[in-house]
Amino acid sequence: MQNEVKISFLGDLMYYSLFLPNPPSTPLENISSLLNESDFVIANLECPISRNFGTGAHTTGRYRFVAPVQFAEAIKNAGVTHVSVANNHCLDQQFEGLLETMDALNEIDLPYIGGKRQKSDDGFCILKKNDIRVGIISSTYGTNAIENAQRLKFWQAPHLNLSQNQELSNPFTRFLYKQYYNLYLKLKWRTNREAESWFDRKEFSFSKRRKLAKDLQQMKKRGADFIVAYPHWGGQHRLTPMQSARELGLFFTKNGANAVIGHHEHLVQIAELTPNGLCAYCLGNTLGYHGIDQRDELRLANYSIILHLYLQRRSGGDISSRYSFSIAKCVANDDGHAVCHLLNDLIESASESAEREQLLRDQAFIYKRFTGQDIDNINRSAVEFPFPQN
């Protein structure tokens, strides 16, 4: 429509460099038709990008990611228009790797948010279409600093949107945590309680919250009609949002965000429509290996949500919003690469009735996980489900 804009949001796009030396050429090919129906598509790029991939110049390890430029080109060719570089893996190749990532993205003309190549740059963007302006800002809770030992110096910190201090930023606390963390875990496991990990810790920072608030205000001053916060937050593999994520979501909406759409937990979490706007706590992994090799009935981590935001300018000049969503599933292709499919397509192409019935049960499970409601009386063959109103 002439007075409408459609923006789609994906979850994490992960590239496991240690196991996959050759980039998949078409990781999002199977959902590209859907993505190309949108005016803008936002995704979290959960790995540094290197123009020197394969030269041996990178740090390696199970969770030290890096991907070649071809990977970024592939997701762009599939329809992704903007990526966030603010996530816990952005310093996997050190601070220089973050700068290299932004340089590589600039070269292929794939805009990014959450990072600043120059300190004077914006850490957000304002999308413009059909006389509608939409501000998008992203941030991350941390950078895996306790594992990769990459702690930003004071002159490096302005290059990344952080919502709090890096993990265990206090040296004394860091010392105690390293000395007694394993004992702490054993005690938690012995009492059958969920252990808090270092990446779950809250490292509150007034200065970083103040900077995010200023960016939200700046987007409003530049004419944004609608603002979306797109944070990397929470723990990992939790079924429900952490309290720190709920508090940060409230911070965003109180400071001008009309919607909050999160990622990082590696599985789908609930989305809630509140008087302050929509808060979707986690969309899951759009690309990733969690849940592919080993099925977890409780989490179904290889499923994700593609969330669609429709904005329309009414005759009176104000902006109306509505949401729909699609369910996607990651599977491994013949080369061992994770590729994303629309669940609707997998259901239709299922060759055996048992497989189809399992996919339908998964569809109902993920629908309820995301909306909090049963899928009854919904057209289950639809590519996009309308998000239910309260």
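Rules and cut-offs
- Residues numbered from 1 in each chain as written.
- Predicted model: local features only at pLDDT ≥ 70, side-chain atom pairs only at ≥ 80, totals over all residues.
- Heavy atoms only, no water.
- Salt bridge = Lys/Arg side-chain N within 4 Å of Asp/Glu carboxyl O.
- Helix = DSSP H or I, 4+ residues; strand = E, 2+ residues; numbered from the N terminus.
- Buried < 20%, exposed > 50% of the residue type's maximum accessible area, 1.4 Å probe, protein only.
- Contact = heavy atoms within 4.5 Å.
- Phe/Tyr/Trp six-rings, centres within 6.5 Å; stacked < 30°, edge-to-face > 60°.
- Lys NZ or Arg CZ within 6 Å of the ring centre and 35° of its normal.
- Pairing = 2+ DSSP bridges.
- Axes fitted to C-alpha atoms, helices over the stretch in contact; angles between N-to-C directions.
- Expected span 1.5 Å × (residues − 1).
- Polar contact = N/O pair within 3.5 Å; in protein donor to acceptor, adjacent residues only side chain to side chain.
- pLDDT = per-residue confidence, 0-100.
- Left-handed = near helix turned anticlockwise from the far one by under 90°.
- Nonpolar A, V, L, I, M, F, W, Y, C, P; charged D, E, K, R; others polar.

Description of the pattern of salt bridges
If you walk through the whole model with that rule in mind, you get 17 salt bridges. Among the ionic pairs, Arg117 bridges to Asp103, the shortest N-O distance being 2.8 Å. Pair noted here: Arg117 is in the loop between β6 (112-113) and β7 (124-129) and Asp103 is in helix α3 (residues 94-107), with a separation of 14 residues, a long-range link.

Brief notes about the environment of Cys125
Mapped onto the secondary structure, Cys125 falls in strand β7. The exposure class of Cys125 is buried, given its relative accessible area of 13%. Distance in space between the C-alpha atoms of Cys125 and Pro111 is 8.8 Å, their sequence separation being 14 residues. With near-sequence residues (within four places) excluded, Cys125 lies in contact with His82, Ile113, Val134, Gly135, Ile136 and Met219.

Describing the packing of aromatic side chains
Within the structure shown, the criterion is met by twelve aromatic pairs. By way of ring pairs, the aromatic residues Phe325, Tyr367, Phe370, Phe385 and Phe387 are connected into one cluster. Positioned above the aromatic ring of Phe251 is the side chain of Arg209, whose terminal nitrogen or guanidinium carbon lies 5.0 Å from the ring centre. Here Arg322 stacks its cationic end above the ring of Tyr310, 4.0 Å away from the centre of that ring.

Remarks on the sheet that holds strand β12 (residues 277-280)
Read from one edge to the other, the open sheet built from six strands follows the order β7-β8-β9-β10-β12-β11, with strand pairing classed as mixed. A strand with exactly one partner marks an edge of an open sheet, and here the two such strands are β7 and β11 (271-274). The average undirected angle you get between the axes of adjacent strands in this sheet is 20°. Two strands pair when backbone bridges link them, and strand β9 (residues 226-232) and strand β10 (residues 259-261) are joined in this way by two bridges, in the parallel orientation. Counterpart to Val228 in the pairing with β10 is Ala259. Packing against the sheet, helix α6 (residues 206-221) makes contact with β7, β8 (132-140) and β9, and its axis sits at approximately 170° to β8. Sheet strands touched by helix α7 (residues 243-254): β8, β9, β10 and β11. Its angle to β10, the strand with the most contacts, is close to 145°.

Quick word on the pairing of strand β14 (residues 303-313)
Counting buried positions along β14 yields nine of eleven residues, so the element is predominantly enclosed. Across six bridges, the pairing between strand β1 (residues 4-13) and β14 is antiparallel. Counted as the bridge partner of Ile7 is Leu309 from β14. Pairing of β14 with strand β15 (residues 319-332) involves eleven bridges; the strand directions are antiparallel. Across the sheet, the residue bridging to Ile305 is Ile327, located in β15. Connecting β14 to the antiparallel partner β15 that follows it, the hairpin turn spans five residues, and Gly317 within it adopts a positive phi of roughly 105°.

Observations regarding helix α9 (residues 353-371)
Its 19 residues place the ends of α9 27 Å apart at the C-alpha level, agreeing with the 27 Å of an ideal helix rising 1.5 Å per residue. Of all the residues in α9, the buried ones are Leu359, Leu360, Asp362, Gln363, Ile366, Tyr367, Arg369, Phe370 and Thr371. Those residues of α9 that are buried are in contact with β11, β12, β14, β15, α8 (343-349) and β17 (385-386). The first or second residue beyond α9 is Gly372, which carries a positive phi of 80°.

Here we look at the side chain of Gln93
If you trace the backbone, Gln93 turns up in the loop between β5 (82-84) and α3. A polar contact is formed between the side chain of Gln93 and the backbone oxygen of Phe65, at a distance of 3.1 Å. In contact with Gln93, other than residues within four places in its own chain, are Pro48, His58, Thr59, Arg64, Phe65 and Val66.

Observations regarding the confidence of the model for the protein
With 89% of its residues at a pLDDT of 70 or more, the protein shows a mean pLDDT of 88. Low pLDDT, under 50, characterises residues 189-195; the stretch is placed with eight contacts to residues that sit more than four places away or in other chains.

Section: the pairing of β8
For β8, the buried fraction is high: eight of the nine residues fall into the buried class. The antiparallel hairpin formed by β7 and β8 contains two residues in its connecting segment, where Asn130 sits at a positive phi of about 55°. Pairing analysis gives seven bridges linking β8 to β9, with the strands arranged parallel. Its bridge partner lying in β9, Ser138 is registered against Tyr230.

Focus: the environment of Ser50
One can find Ser50 in strand β3 (residues 49-50). Of the residues examined, Ser50 reaches a relative accessible area of 6% and is grouped as buried. A distance of 3.0 Å separates a polar side-chain atom of Ser50 from the backbone nitrogen of Asn52.

Here we look at the packing of α6 against α7
At a minimum axis distance of 10 Å, the contact between α6 and α7 shows a crossing angle of 35°. Where α6 crosses over α7, the handedness of that crossing is right-handed. When α6 is examined against α7, the residues Arg209, Leu212, Ala213 and Leu216 are found in contact with a partner set consisting of Leu248, Phe251 and Phe252. Of the residues that constitute the contact of α6 with α7, the class distribution is six nonpolar, no polar and one charged.

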